[in-house]
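# Per-entry structural report
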Amino acid sequence: MVMIGIVAFISGAVALAYEVLWGRVLSNVIGATLFSSTVVIVSFFIFLSLGYVFFSRLKIIKDYPWKAFSLMQIAITLSIIPTLLFAFYRVYPETAFEGPRIRMFIQALTAVILIGPPSFIIGGVILPLIESTRNSSYNPAFVYGVNTLGGIAGIGAVAFYSIYTFGIRRSIVICAAINLVLSLFSFLRHLRVESRCIKAENRNSAVINNIHLPRLCILFLAFASGIAVLSFEVILLYAYRQVGQNSAWSFSVMLMLVISALGVASLIVSHKMFFRRYTLHYVLPLLAAGFILFPENFIEVTHTMQYTSIASGSFAKYIVSLLWTGVSVAYGLFLLMGAVFPWILRVVSFKRDDNSVLSLGRILGINCLGACLGAVVTQWFLIPYLGLWRASILLSIIPVLAWIIIIFCLPFKRILERKLSWVILSILLLLFALKINNKLPLVTPWPESSVVEAKCGSEGIVAVIRRPRDELWRMSINNNFVLSSSKDKVFNRRMSHIPLLLHPSPRRVCYIGLATGLTASGAVLHKEVESIDVVEISPLVTEMSLKHFGRFTGHFERDPRVRIIEDDGVHFMATTSDKFDVIIGDVFFPWKDGAQRLYSWEHFANIRRRLKEGGIFCQWIPFYQLDPLAFSIIAKSFLAVFPDGFVIRLFMGKEKEFIGFIAKKSEPFDLSRDKKIWQENIKNNPFLDDPLLRDYRSLHRFFLGKLRNMGRNAPLNTMDKPVLEPVVIRAQTRIWQRLNF
């Protein structure tokens, strides 16, 4: 029955492709904040779990599995229509309501509407495939493994090719078309096989190994398996952020690595040669020891968490380096975890009676609930309050508890093996006690520097680093990405002053991005400014900035005009009703995961709508990290909204030059006229101590020219088709090598 494996593989690929696409769509609709990402995870796993339980009760699953599978594929196609409609980014339901709590509720409801129905149906898809193995040599563990491996194809096809070639909306249509093809094939299969009503003898009944486990024991093992897999996946992704470039592709590669281990382990367990009565008796203690030793192993393999630079060679070499790190420190652990749940499926599938599908549905459902709980608790509680490494060590409690339970429910027959179990348990407890209080580094400071404070949060690890020799303070996120430093105070404030000095009356100002706060602090020096809104996506960055960089920003946040808003900048500009005189976009590195959205046509269009008449928008760009094509794509997207845009420079230096795209809403810049506005604003603001700004001739130095002829032949970067992302990721190798980073 090769067809069962092929259909299971394609079904798994489409399901994971949808998950990637949901993440893309919802990050643009409800924002890429921690709350929204949690809502997406919870909605997906909860409805997946409900689908497992609900569909396992339907009689059609047992009597006509191929017909049931066909109907489910049609239902998935219909349920994905709301996602397709929202992918046009014209509807933001929360804008009709006031108040943060009601808006959060509407965001959660939006995620449930988009993800809930298709996830509910996807949860039931695997059940008819498992039931169709009743009269074959296959077993549920095999179907589960092939379905899991299909997810690698789905993630790879969407994350690395489809969304850049076809766009998000067309990718959704392609996945829906595959669902319809699967529906047609399975219906034809139903007419050919099931309409004959032939009931063959179950071949799997001859494989029974006399394994009898209480129902509660089976349910606990399934629940614990889900917790362990997703919890450790979150921990591994956090650890990976400390040593690798945090682009969207890096995370996709890691996810594919994890899924491959789970799928391979499931296929191994599905073979009768590797399925044994005491499999979990050996797997679980090894897994517990692996969780305890993971922190030290990771630090050793990565050479005290040294950054794996993309400049070390070709991009392919960089990906291979990341994969090798993952294989060295975590692949074996995921193989062990991946063996647990398929073993449970095989045990339950031996009793193939009228209630077997119902039992499998419950087990799959409880496993999904465990996965949901593991991801949320680890991301929101274990890592922020206990730290990354302690979270991994504490996770070892799960396999230890599961091991104790299975030893009592399925004890060894030999007395020597029973005594050895207690010895192993004692060793694990001793190892846990020795390692739980180890103080392992979270970040690697620069030479001659020390870590002032490093704090784990749901968004990563934010650290403040000080170099005593020259009192240089830096803020970094995830060990390698420097947000800003105290030495850049003049340049950061200049990013504020230039657009503010060009406006005759900048009363309302908005900043997209806070970082250290040095840029936004420049606005408080302008006495004509009446309100300053600063939008920052990371609450931990805000906390560390206000705590440690107040000495450099003059504690600008204490000014009554300042309001710091915790939100995704793209989402804020799409949903706010406020109007501003000046909007300033901080420097965003477009290769960073999700940052290309801040250079999209839709985002620029939303900003134009939030400007008052005569308002000014300035977007600062890391020019030194762009190749000609990436620069042209950003210019083309900017000019599509602001056709009279100019290029300005910041004068930071030859190696790390920042430039800005600047434009007015209603009219182009006229330097002869704007020069008077510039000089008048400087006179009215005597506290501006930047000598380059106070020189009346500096206005012409900052303006490099019009953007009019730039990016003419480049593609447009949109939220639907983020063509900028692959360009900047691939370009980093040659750019960083040129800069000798």
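Residues numbered from 1 in each chain as written. Predicted model: local features only at pLDDT ≥ 70, side-chain atom pairs only at ≥ 80, totals over all residues. Heavy atoms only, no water.

### Regarding the overall build of the protein
- When helices and strands are tallied, the protein shows 27 helices and 12 strands.
- Computed over its C-alpha atoms, the radius of gyration of the protein comes to 28 Å, within 12% of the 27 Å expected for a compact globule of 741 residues.
- By principal-axis analysis of the C-alpha atoms, the protein measures approximately 90 × 60 × 45 Å.
- When each of the 741 residues of the protein is scored for burial, the buried share is 61%.
- Sequence-distant contacts, at least 24 apart, represent 81% of the contacts inside the protein between residues at least 6 apart.
- Accessible surface, the protein: about 29900 Å² in total, of which carbon and sulfur atoms supply 63%.
- Computing the positive centroid from 77 side-chain charges and the negative centroid from 48, the protein places the two 7 Å apart. (Helix = DSSP H or I, 4+ residues; strand = E, 2+ residues; numbered from the N terminus. Rg over C-alpha atoms; globule rule 2.2 N^0.38 Å. Buried < 20%, exposed > 50% of the residue type's maximum accessible area, 1.4 Å probe, protein only. Contact = heavy atoms within 4.5 Å. Areas by Shrake-Rupley, 256 points an atom, 1.4 Å probe, with all protein chains shown as cover. Lys, Arg positive; Asp, Glu negative; His and termini not counted. Charge placed at Lys NZ, Arg CZ, Asp CG, Glu CD.)

### Overview of the packing of helix 1 (residues 2–29) against helix 4 (residues 65–79)
- The N-to-C vectors of helix 1 and helix 4 enclose an angle of 20°; their axes lie 13 Å apart at closest approach. Judged on the interaxial angle alone, helix 4 and helix 1 are roughly parallel. Read as a crossing pair, helix 1 and helix 4 show a hand that is left-handed. Contacts from I4, V7, S11 and Y18 of helix 1 reach helix 4 at W66, F69, Q73 and I76.
- Partitioned by chemical class, the residues of the contact of helix 1 with helix 4 number six nonpolar, two polar and no charged. (Axes fitted to C-alpha atoms, helices over the stretch in contact; angles between N-to-C directions. Parallel < 35°, antiparallel > 145°, perpendicular 65-115°, else oblique. Left-handed = near helix turned anticlockwise from the far one by under 90°. Nonpolar A, V, L, I, M, F, W, Y, C, P; charged D, E, K, R; others polar.)

### Examining the nonpolar core
- Counting 234 residues, the largest nonpolar core has F294, W343, I344, L388 and F661 as the members making the most contacts within it.
- It is helix 12 (residues 315–349) that provides the largest number of residues to this core, a total of 19 residues.
- Contacts of I344, omitting those with residues within four sequence positions, involve I218, L221, A222 and I363. (Core = buried A, V, L, I, M, F, W, Y, C linked by side-chain atoms within 4.5 Å.)

### Details of the packing of helix 11 (residues 279–301) against helix 14 (residues 388–395)
- Where helix 11 meets helix 14, the axes come as close as 6 Å, and the angle between the chain directions of the two elements is 145°. Listed contacts from helix 14 to F291, I292, F294, P295, F298 and I299 of helix 11 are W389, S392, I393 and L395.
- Taken together, the residues of the contact of helix 11 with helix 14 break down into nine nonpolar, one polar and no charged.

### Side note on unusual backbone geometry
- Its identity as a non-glycine residue notwithstanding, H303 has a phi of 55°, on the positive side.
- Relative to the assigned elements, H303 resides in the loop between helix 11 and helix 12.
- One non-glycine residue, N478, adopts positive backbone phi at about 60°.
- Locating N478 in the fold gives a position in the loop between strand 3 (472–477) and strand 4 (481–485).

### Considering the pattern of salt bridges
- One pass over the full model with this rule turns up 24 salt bridges.
- We note a salt bridge from K435 to E296, for which the minimum N-O separation is 3.0 Å. Of this pair, K435 sits in helix 16 (residues 415–435) while E296 sits in helix 11, and the two are 139 residues apart along the sequence.
- Here K547 and E453 are joined by a salt bridge, their closest N and O atoms 3.0 Å apart. Within this pair, whereas K547 is found in helix 19 (residues 539–548), its partner E453 is found in strand 1 (residues 450–457), the two being separated by 94 residues in sequence.
- Of the residues examined, E453 reaches a relative accessible area of 18% and is grouped as buried.
- Here the residues in one salt-bridge network are R508, D533, R563 and D578, joined through shared partners. (Salt bridge = Lys/Arg side-chain N within 4 Å of Asp/Glu carboxyl O.)

### A short note on a nonpolar patch on the surface
- A cluster of nonpolar side chains, namely L71, I74, L78, I81, L85 and L180, defines an oily patch on the protein surface of about 550 Å² accessible area.
- Of the residues forming the nonpolar patch, the biggest block, three residues, is contributed by helix 4.
- Assignment of secondary structure puts L180 in helix 8 (residues 168–193). (Patch = residues over 30% accessible without salt bridge, like charges linked within 9 Å, V, L, I, M, F, W, Y side chains within 5 Å.)

### A closer look at the sheet that holds strand 2 (residues 460–467)
- Taken together, the four strands give an open sheet; going across it, the order is 1-2-3-4, and neighbouring strands pair in antiparallel fashion. Among the strands making up the open sheet, the edge pair consists of strand 1 and strand 4. Each neighbouring strand pair of the sheet contributes to a mean axis angle of 20°, computed without reference to strand direction.
- Pairing of strand 2 with strand 3 involves six bridges; the strand directions are antiparallel. (Pairing = 2+ DSSP bridges.)

### Let's talk about the side chain of Q73
- Relative to the helices and strands, Q73 is located in helix 4.
- Excluding anything up to four places from it in sequence, Q73 contacts S11, V125, N179, L182 and S183.

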